[in-house]
Amino acid sequence: MPDPIRRALLTALSGGVAACAAPRSETSLAPKGGGRFVDYEDFPSGFVTPRHVRVWLAPEYDASREPFAVLYMQDGQNLFDPPSPMAKGAWEVDRHLLALRKANAVRPTIVVAVWNAEGNRAREYGPQAAIDSLPAELRRIVAPPNGPAADAAPLADAYVRFLASELKPFIDAHYRTRAGRDDTVVMGSSMGGLISLYALSSFPEVFGAAGCLSTHWVITTHYAAFQAQFAPGASGDPRVEAMAAAYRDWLRVHLPTAGRHRLYFDHGTQGLDGLYGPHQQLVDGLLAAKGYRPGIDWTTRVFAGAPHDESAWRERLAIPLTFLLRT
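The notes below deal with the structure included here.

Reading the values: rules and limits
Residues numbered from 1 in each chain as written. Predicted model: local features only at pLDDT ≥ 70, side-chain atom pairs only at ≥ 80, totals over all residues. Heavy atoms only, no water. Phe/Tyr/Trp six-rings, centres within 6.5 Å; stacked < 30°, edge-to-face > 60°. Helix = DSSP H or I, 4+ residues; strand = E, 2+ residues; numbered from the N terminus. Buried < 20%, exposed > 50% of the residue type's maximum accessible area, 1.4 Å probe, protein only. Lys NZ or Arg CZ within 6 Å of the ring centre and 35° of its normal. Expected span 1.5 Å × (residues − 1). Bend = angle between axes of the 7 residues up to and from the residue. Axes fitted to C-alpha atoms, helices over the stretch in contact; angles between N-to-C directions. Parallel < 35°, antiparallel > 145°, perpendicular 65-115°, else oblique. Left-handed = near helix turned anticlockwise from the far one by under 90°. Contact = heavy atoms within 4.5 Å. Nonpolar A, V, L, I, M, F, W, Y, C, P; charged D, E, K, R; others polar. Pairing = 2+ DSSP bridges. Salt bridge = Lys/Arg side-chain N within 4 Å of Asp/Glu carboxyl O.

### Some points on the packing of aromatic side chains
Thinking step 1. The tally for this structure, following the rule as stated, stands at 15 aromatic pairs.
Thinking step 2. Aromatic side chains Y125 and Y159 sit 5.6 Å apart centroid to centroid with 55° between the ring planes, which places their arrangement in the tilted category. Separated by 34 residues along the polypeptide, Y125 in helix α4 (residues 121-125) and Y159 in helix α7 (residues 156-174) bring together distant segments of the chain. There is no split in this pair, since Y125 and Y159 are both buried.
Thinking step 3. The structure contains a cluster of three or more aromatic residues connected by ring pairs, namely Y40, F43, Y125, Y159, F162 and F170.
Thinking step 4. Cation over ring: R51 sits above F162, and NZ or CZ is 5.7 Å from the ring centre.
Thinking step 5. Lying across the ring of Y61, R176 places its NZ or CZ 4.2 Å from the centre.

Here is the structure:
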């Protein structure tokens, strides 16, 4: 994008995105779990392509005047009923939060569901600094271009800037939120877990907690060349390990100081999730070496038999929500 155009966009946004981000509807689709949605069909940005953003407000939001914590979630089109056709069911995050609030297990929370950019999910969710550090041949494996070489360029730095410096200020300006770091949580699954941790580590004063379910430590989305090595229990391709190691090396430097953030990780043992155990163990060692306390600052859970899909994440969603948003 030419600099004059980018500056003009950012100038327009600096006074608040509200001038461009009008809600599409508050009633077109009622949450089955309760509360209400506010939908922004094409939320504008000077960093990334416009995309759908949905805000879920619990019934108690309208019934009280207290401020709410905010949970920013990736792959927003799969969080509520009905999910996108590609998903294996919805996460049903609204139903989980209502049940947990009834049990007084979590703080009052609103959800900001951010749709992924069609065709650019891997480019936006892959940890850019780690990918940029790889040799060219590995960068091509991580995100093989489908057209011009520029189409494979990582977009994660722009995406996390969008979350931290455009979307969050808008939400805080237009909703009754607890705007501080301790009440600002980011969450996702698979590559959405990668980018949630990347967002917190890139903006540690903005995000106080990250939930990373079935974190896709191997980074690459180009599976065809590695089918034999990707079988659970196989030794694995050294190129894939190099990709995972690049992110760990970046985290070793950029993870925030222990004691002010909460990190949740998990994985199953079937399908893609069968790959993650050894990589997660190395990350766990990194966290411990940096002073993160298990059960306090960070937790890692393993769910035997769980596959890599929305039905599995829905089944265990109450666990990360409770750890990250506990009262």
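Back to the write-up after that little detour.
### Brief notes about α7
Thinking step 1. With 19 residues, α7 extends 26 Å from end C-alpha to end C-alpha; this agrees with the ideal 27 Å at 1.5 Å per step.
Thinking step 2. The largest bend in α7 comes to about 35°, at L167, with the proline P169 one to four residues further on.
Thinking step 3. When we look at burial in α7, the residues that qualify are A156, A158, Y159, V160, F162, L163, A164, E166, L167, K168, F170 and I171.

### Let's talk about the packing of helix α8 (residues 191-202) against helix α9 (residues 238-254)
Thinking step 1. The contact between α8 and α9 brings their axes to 10 Å, and the two run at 30°. Classified by the angle their axes make, α8 and α9 are roughly parallel. Seen from above, α8 lies across α9 with left-handed handedness. Across from L194, L197, Y198, S201 and S202 in α8, the residues of α9 making contact are Y247, W250, L251 and H254.
Thinking step 2. When its residues are assigned to classes, the contact of α8 with α9 shows 6 nonpolar, 3 polar and no charged.

### A closer look at the sheet that holds strand β8 (residues 298-302)
Sheets are built from strands that pair by backbone hydrogen bonding, the pairs being arranged parallel or antiparallel.
Thinking step 1. Spatial ordering of the open sheet is given by β1-β2-β4-β3-β5-β6-β7-β8, a layout of 8 strands whose pairing is mixed. A strand with exactly one partner marks an edge of an open sheet, and here the two such strands are β1 (36-43) and β8. With direction set aside, neighbouring strand axes in the sheet form an average angle of 15°.
Thinking step 2. Pairing of strand β5 (residues 184-189) with strand β6 (residues 209-213) involves 5 bridges; the strand directions are parallel. Following the sheet pairing, S189 is matched in β6 by L213.
Thinking step 3. Running over the sheet, α7 touches β1, β2 (51-57), β3 (69-73), β4 (109-114) and β5 and is turned about 135° from β4.

### Considering the pattern of salt bridges
Thinking step 1. Taken as a whole and assessed by the stated rule, the structure comprises 17 salt bridges.
Thinking step 2. The residue E92 makes a salt bridge to R95 at a minimum N-O spacing of 3.7 Å.
Thinking step 3. For R95, a relative accessible area of 34% corresponds to the partly exposed category.
Thinking step 4. With a closest N to O distance of 2.5 Å, R107 and D183 form a salt bridge. Of this pair, R107 sits in the loop between α3 (93-102) and β4 while D183 is found in the loop between α7 and β5, placing the two residues 76 residues apart along the sequence. We note that R107, like D183, is buried.
Thinking step 5. The network of salt bridges with common partners includes R181, D182, E205 and R260.

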